[in-house]
Amino acid sequence: MGTTEEVALVIQGGGTRAAYAAGALDVLMKEGISFPLVVGTSAGALLGVNYISGDRGRSAALLTYGMDDRKLLSPLNLLRKGSIYDFHYLFYVLPDRGLPFNYSRFRKNEAEFYAVSTSLLSGKAHLVEKGDKDFWPGLAASCSLPFLSRPVSVGEDVCLDGGIVASVPFREAVSLGSRRVVCILTREKGYRKPPTGKRKRILASRLYAEYPLAEPLLMNSSKAYNDSMEELDRLEQEGKAFLLYPSKPPRVSVAERDGRKLLPLVELGSSDMSSRMEALRAFLAS
């Protein structure tokens, strides 16, 4: 099956829990299923890059082996680089050191691909498209986890993790012209986030004191997530959304450093997508 003209692919973030999406995306590539529009948040955007470039297996390798690379993921990076992840190393060094990336195929792919971050100046989602000059800073911002990263300058904006306002960026896909969405989710069906605790409120007020919107955005992120999931459930019932959830609750942290613990999640994503392929094809053909 080739490109589906009116359906967008939406990829949820979730840090290293996105290993689930890595397995699911590899199955889409294996089956030759593409979309004219792909929108990802945080780790979902990071893995979406490999889907657009057609680098099957790269996302899984990045998560299952890359997380053991102390140059890529380390608490010391927060002091030296402004994030626990070294994005310069991730984007520009790793592709030449054992994790090849097809930049040419990424650029030439006719699909639109957007990475979503959160603007600390406007309080809204900030989107960068793969052809934009600020795409790579925008991707870094999208992946910059709250409390584990400093804000990232993206053009004239200042941004942080897209999951704050758009953990599952289906609304952004609709605003870009999509009529229906296929969403790869990284939490089990029915999961809802608990309210953000008082300690994080205090930490947010200290870490991001320069940005008055940061604290209320972070405090409202759980409600924003839960509201979006309720809306997605409605869209699924209306036949406007195809939702792929982990069939088993992910048991890894948002920043798991042991890549071996992520391999079963990659395999679960692959298995779940494969088992629902017939239903997905029916959705795309309807």
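Residues numbered from 1 in each chain as written. Predicted model: local features only at pLDDT ≥ 70, side-chain atom pairs only at ≥ 80, totals over all residues. Heavy atoms only, no water.

Draft legend 1. Main features of the pattern of salt bridges. Scanning all chains against the criterion turns up 15 salt bridges. The partner of Arg-180 in a salt bridge is Glu-6, and the shortest N-O contact between them spans 3.2 Å. Of this pair, Arg-180 sits in strand β7 (residues 180-184) while Glu-6 sits in the segment before β1 (7-11); the two residues are 174 residues apart in sequence, bridging distant segments of the chain. Here Arg-180 falls in the buried class, since its relative accessible area comes to 8%. Since its relative accessible area comes to 30%, Glu-6 is described here as partly exposed. Here Asp-233 ties to Arg-192 by a salt bridge, and the two come within 3.1 Å at their closest N and O atoms. With Asp-233 in helix α11 (residues 214-237) and Arg-192 in the loop between β7 and α10 (198-207), this pair connects stretches of sequence that are 41 residues apart. Assessed through its relative accessible area of 26%, Arg-192 is described here as partly exposed. Bridged by salt links that share partners, the residues Lys-189, Arg-192, Glu-230, Asp-233 and Glu-236 form one connected network. (Salt bridge = Lys/Arg side-chain N within 4 Å of Asp/Glu carboxyl O. Helix = DSSP H or I, 4+ residues; strand = E, 2+ residues; numbered from the N terminus. Buried < 20%, exposed > 50% of the residue type's maximum accessible area, 1.4 Å probe, protein only.)

Draft legend 2. Focus on the packing of aromatic side chains. Under the counting rule described, the total for this entry stands at 16 aromatic pairs. With a centroid separation of 6.1 Å and an interplanar angle of 65°, the aromatic rings of Tyr-191 and Tyr-225 are classed as edge-to-face. Linking Tyr-191 in the loop between β7 and α10 with Tyr-225 in helix α11, this pair joins segments that are 34 residues apart in sequence. Residues Tyr-191 and Tyr-225 agree in their burial class; the two are buried. Three or more aromatic residues joined by ring pairs form one cluster here, namely Tyr-85, Phe-87, Phe-91, Tyr-92, Phe-101, Tyr-103, Phe-106, Phe-113, Phe-135 and Trp-136. We note Arg-180 situated over the ring of Phe-283; from NZ or CZ to the ring centre the distance is 4.5 Å. The ring of Tyr-225 carries the charged tip of Lys-193 above its face, separated from the ring centre by 4.9 Å. (Phe/Tyr/Trp six-rings, centres within 6.5 Å; stacked < 30°, edge-to-face > 60°. Lys NZ or Arg CZ within 6 Å of the ring centre and 35° of its normal.)

Draft legend 3. Expanded view of unusual backbone geometry. Phi angles above zero are rare outside glycine, and Ser-42 is one such case at about 55°. Summarising the element assignment, Ser-42 is placed in the loop between β2 (37-41) and α2 (43-53).

Draft legend 4. Expanded view of the environment of Thr-41. Topologically, Thr-41 is positioned in strand β2. Beyond its immediate sequence surroundings of up to four residues, Thr-41 is in contact with Ile-11, Gln-12, Gly-13, Val-116, Ser-142, Gly-162, Gly-163, Ala-166, Ser-167 and Pro-169. In this structure the side chain of Thr-41 is engaged in a polar contact, spanning 2.7 Å, whose partner is the backbone oxygen of Ala-166. (Contact = heavy atoms within 4.5 Å. Polar contact = N/O pair within 3.5 Å; in protein donor to acceptor, adjacent residues only side chain to side chain.)

Draft legend 5. Looking closely at the environment of Lys-189. If you trace the backbone, Lys-189 turns up in the loop between β7 and α10. Beyond its immediate chain neighbours, meaning those up to four positions away, Lys-189 contacts Asp-233, Glu-236 and Tyr-245. Here the side chain of Lys-189 touches Glu-236 through a polar contact of 3.5 Å, side chain to side chain.

Draft legend 6. A look at helix α13 (residues 277-285). Three or more residues of α13 are buried, namely Met-277, Leu-280, Phe-283 and Leu-284. Projected down its long axis, α13 carries its buried residues within an arc of 120°, all on one side. Across α13 from its buried face, at more than 90 degrees, point the exposed residues Glu-278 and Ala-285. Residues of α13 that are buried sit in contact with β1, α1 (19-31), β7, β8 (241-244) and α12 (263-275). (Arc of directions from axis to C-beta.)

Draft legend 7. Region of the structure containing the side chain of Asp-161. Tracing the sequence through the fold places Asp-161 in strand β6 (residues 157-161). An unpaired buried charge is present at Asp-161: no salt bridge exists, and Lys-193, the closest side chain of opposite charge, is 6.9 Å distant. There is a polar contact of 2.9 Å between the side chain of Asp-161 and the side chain of Ser-42. Those residues in contact with Asp-161 that sit more than four places away from it in its chain are Ser-42, Ser-117, Thr-118, Ala-141, Ser-142, Ser-144, Leu-145 and Pro-146. (Lys, Arg positive; Asp, Glu negative; His and termini not counted.)

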